[in-house]
Amino acid sequence: MVSAICVLSACEPDNDPWDDYRYEYNNRGHRDNNGNDNNNGNNTGDNGNNNGGNNGGNTGGNNGGNTGGNGGQVTYKITHIWECVIKRSIMFPFPAYVMRCNNGKYYYVLRYRYPYDLHVGDEIYFTVSSFCENEIEQINGHNYNGGEGANENEYPDLGSKLVASDPIEAEVYGTFPIQMCTNIPILPQSYWCIVTTGQKLLFVTPNNIDFVPAPGDRFVYSVYTLFPNSILKAKKL
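Residues numbered from 1 in each chain as written. Predicted model: local features only at pLDDT ≥ 70, side-chain atom pairs only at ≥ 80, totals over all residues. Heavy atoms only, no water.

S.K.: Any chance you could explain the pattern of salt bridges here in plain terms?
M.R.: Where charged atoms of side chains with opposite charge meet at close range, the side chains can pair. Under the definition given, this model contains 5 salt bridges. Because the salt bridges share partners, they merge into one network encompassing E169, E171 and R218. (Salt bridge = Lys/Arg side-chain N within 4 Å of Asp/Glu carboxyl O.)

This is the structure we're talking about:
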C-alpha cells in the first residue's frame, strides 16, 4: 500500500501547471519556426511556407488546411477512440480521450479542454501542441456523425489514495507507440499503448515492461487505482 500523497479536492484540472508553463514558454519569445524569437505570428510553419499569414502567433502560419505541422490546425476523422485517465505533473487523474484518426496517427486530448463527447466517425478540427506531436492542445470544431462512443474502461474504485492494485491478467489485442507529456520540464515521453482483448487501453513506459507486447501475448500487470490505465509493472506469462 502507498499512502495518499495529495488531496484530490485541491488538485483540480484548472490547476494543471502545464497550462501556466505553456503560456510562459510561448510568450517569452523562446522560438518560432523560422528561428526568429519574435512570436509575431508570421511563422512559415513546420511544412514550409503555407502562406497562412496567421496573426494568432505560434500557429505555424497555417491557413487551416491539413498540413499536419506542429502548432497548425488540422482536420481529420476519428476511426478509433478510447476513454482513459492520465496523470500530469500533479497526482490527479485527468480524464482524456486517446484516438486514431484517418491519417493513421494517434492523438490524445484532456477532457477538460474539450468537455463534449466524441465518437467514431466524428470530424474534428484541432491544434497540435508545439511540445508533443501526439497531444491535441485545442479542438476548434467538431462535426458529429453519429458513430459509436468511446471504448470505456472498467476502472477499479479510484478512491483518493495512491494504492497499488492486485495483479491483473490480460491478453494483448493490439499495440501502438505514442508520445505523452506527463512531467515538467515539458519533454514528451515514449509509451507503449496496449489494447487488451477487452478493448481496455493501457499505457506503459519501456522500462516498466520486460517484453515487447504483441497480439496474443498474455501478461500480468499492476496499476495505481488512481491511474488505472498507467501500468506500474508488466510481465509476460
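S.K.: Would you mind going over the side chain of T127 with me for this structure?
M.R.: Within the secondary structure, T127 is located in strand β4 (residues 123-128). A polar contact is formed between the side chain of T127 and the side chain of N140, at a distance of 3.1 Å. (Helix = DSSP H or I, 4+ residues; strand = E, 2+ residues; numbered from the N terminus. Polar contact = N/O pair within 3.5 Å; in protein donor to acceptor, adjacent residues only side chain to side chain.)

S.K.: Sorry, what's going on with the packing of aromatic side chains here?
M.R.: For any pair of aromatic rings, the description rests on two quantities: the centre-to-centre distance and the angle between the ring planes. This structure, assessed with the given rule, holds 10 aromatic pairs. An angle of 5 degrees between the planes, with centres 3.6 Å apart, marks the rings of Y106 and F176 as stacked. Taken as a pair, Y106 in strand β3 (residues 106-110) and F176 in strand β6 (residues 168-180) lie far apart in primary sequence, 70 residues in all. By relative accessible area, Y106 is classed as buried at 17%. (Phe/Tyr/Trp six-rings, centres within 6.5 Å; stacked < 30°, edge-to-face > 60°. Buried < 20%, exposed > 50% of the residue type's maximum accessible area, 1.4 Å probe, protein only.)

S.K.: I keep staring at the nonpolar core and nothing clicks. Help me out?
M.R.: Taken as a class, soluble globular proteins show a tendency for nonpolar side chains to be buried jointly. If you look at the biggest cluster of nonpolar residues, it comprises 21 residues, and the most contacted ones within it are I86, V98, Y108, F176, I178, L201 and F203. Residue assignment for this core shows that the elements contributing at least two residues are β1 (73-86), β2 (94-101), β3, β6, β7 (189-196) and β8 (201-204). When sequence neighbours within four positions are dropped, the list of residues in contact with V98 reads H80, I81, W82, C84, Y107, Y108, F176, I178, L201 and F203. In terms of nonpolar packing, the next biggest core, distinct from the first, is built from 17 residues, I78, Y107, Y114 and I139 among them. (Core = buried A, V, L, I, M, F, W, Y, C linked by side-chain atoms within 4.5 Å. Contact = heavy atoms within 4.5 Å.)

Geometric values such as these leave the question of function open.
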